[in-house]
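# A structural walkthrough
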Amino acid sequence: MVFTHDTNLSLQAAVALVNSAVEPVSIASVDELTEFFSEHGYTGRHDGDQAELDQVRGVIPRLRELLTADRDRAVALVNRMLREADAVPQLKRHDGLDWHLHAIEDDRPLAERMIVETAMAMIDVIRADEMSRLGLCQDEGCEGIVLDLSRNRSRRFCSLTCGNRNAVAAYRARQAADED
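My aim in this report is to walk through the structure given alongside it, one point at a time. (Residues numbered from 1 in each chain as written. Predicted model: local features only at pLDDT ≥ 70, side-chain atom pairs only at ≥ 80, totals over all residues. Heavy atoms only, no water.)

### Re the packing of helix α3 (residues 50-68) against helix α5 (residues 110-127)
Applicable threshold: Angular values range over 0 to 180 degrees, each being the angle between N-to-C directions of two axes fitted as lines to C-alpha atoms, with helices fitted over their stretch in contact. Strands here are runs of E lasting at least two residues and helices are runs of H or I lasting at least four, both read from the DSSP assignment and numbered beginning at the N terminus. Every angle not falling under 35 degrees, over 145, or within 65 to 115 is termed oblique; those three ranges are roughly parallel, roughly antiparallel and roughly perpendicular. Each crossing gets its hand from how the near helix is turned against the far one by less than a right angle, where anticlockwise is left-handed and clockwise is right-handed. Here a residue-residue contact requires only that any non-hydrogen atoms of the pair lie within 4.5 Å. Residue polarity follows a fixed list, in which Ala, Val, Leu, Ile, Met, Phe, Trp, Tyr, Cys and Pro are nonpolar, Asp, Glu, Lys and Arg are charged, and the others, Gly among them, are polar.
Where α3 meets α5, the axes come as close as 8 Å, and the angle between the chain directions of the two elements is 20°. Here α5 runs roughly parallel to α3, going by the angle between their axes. Our pair here, α3 against α5, has a crossing hand that is right-handed. Contact residues: E52, Q55, V56, V59, R62, L63, L66 and L67 in α3; L110, A111, M114, I115, T118, A119 and M122 in α5. Residue composition of the contact of α3 with α5, by class: 11 nonpolar, two polar and two charged.

### Digging into the packing of aromatic side chains
Each aromatic ring pair is characterised by the separation of its centres together with the angle its planes make. Here is the rule: Stacked, tilted and edge-to-face pairs are distinguished by plane angle, under 30 degrees for stacked and over 60 for edge-to-face with tilted covering the rest, among Phe, Tyr and Trp rings (Trp via its six-membered ring) whose centres lie within 6.5 Å.
Applying the stated criterion to the full structure yields two aromatic pairs. Taken together, F36, F37 and Y42 form an aromatic cluster joined through their ring pairs.

### Observations regarding the pattern of salt bridges
Applied cut-off: We define a salt bridge as a contact between a side-chain nitrogen of Lys or Arg and a carboxyl oxygen of Asp or Glu at a distance within 4 Å. Summary of the burial criterion: residues with accessible area below 20% of their type's maximum are buried, those above 50% are exposed, and those between are partly exposed, where the area comes from a 1.4 Å probe applied to protein chains only.
Counted according to the given criterion, the structure contains 10 salt bridges. A salt bridge links R73 to E65; its shortest N-O distance comes to 2.7 Å. When its relative accessible area of 36% is taken as the criterion, R73 is described as partly exposed. For E130, the salt bridge is made with R153, and the minimal N-O distance between the two is 2.5 Å. Taken together, the positions of E130 in the loop between α5 and β3 (134-136) and R153 in the loop between β4 (145-147) and α6 (160-179) put the pair 23 residues apart, joining distant regions of the chain. Relative accessible area serves as the criterion here: at 14%, E130 is assigned to the buried category.

### Some points on unusual backbone geometry
Trans is the prevailing form of peptide bonds, just as negative phi is the prevailing case for residues other than glycine. Here E23 and P24 are connected by a cis peptide whose omega angle stands at -5°. One non-glycine residue with positive phi stands out, namely D129, at about 55°. With relative accessibility at 48%, the residue D129 sits in the partly exposed group. In the Ramachandran plot, R153 falls in the positive-phi region, its phi being about 55° despite a non-glycine side chain.

### Some points on a nonpolar patch on the surface
Stated precisely, the cut-off is as follows: Within this analysis, patches are made of residues with over 30% relative accessible area and no salt bridge. Like charges are joined at 9 Å or less; nonpolar side chains (Val, Leu, Ile, Met, Phe, Trp, Tyr) at 5 Å or less. Only the protein chains shown count as cover for residues, and all accessible areas are computed by the Shrake-Rupley method using a 1.4 Å probe.
A cluster of nonpolar side chains, namely L91, W99 and L101, defines an oily patch on the protein surface of about 340 Å² accessible area. Here W99 is to be found in strand β2 (residues 97-102). The class for W99 is partly exposed, based on a relative accessible area of 48%.

This is the structure in structure tokens:
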């Protein structure tokens, strides 16, 4: 494992959230946000209304900027995000999880908590000089973000869909070359 468990989960949730805005949009309703909330293990306040959905969708550009930034730019973004939220890191243990960091109270809006959790995870990425773990999908028509937590750093596509599309295209290209 490259990072701690909570860092991995926060990075995975942030990438999934940012990629949810790439076609086909996957968080377009309050129900889809609730499913995302549960699927990614968020705790604390969840209003489950249109205003919350709008706020969450509104933070996607900021998170995308952070996840695609170079290391020095990421530092500035993380520091600003934490400062704006008055984040105060504290160790917490809950829901069967051992001690891990929280930096914002559970009753703060979900969108704010998403920003702070991503910023906290990015601290580990920056300090470990592992920015190369984040990149853009290598599918020509995709703007998704790739989080590569593999040992051999081999992940190139943001989803199975993009990976499969490229594998089929490569197979067809090989078949066509063999026919010539």
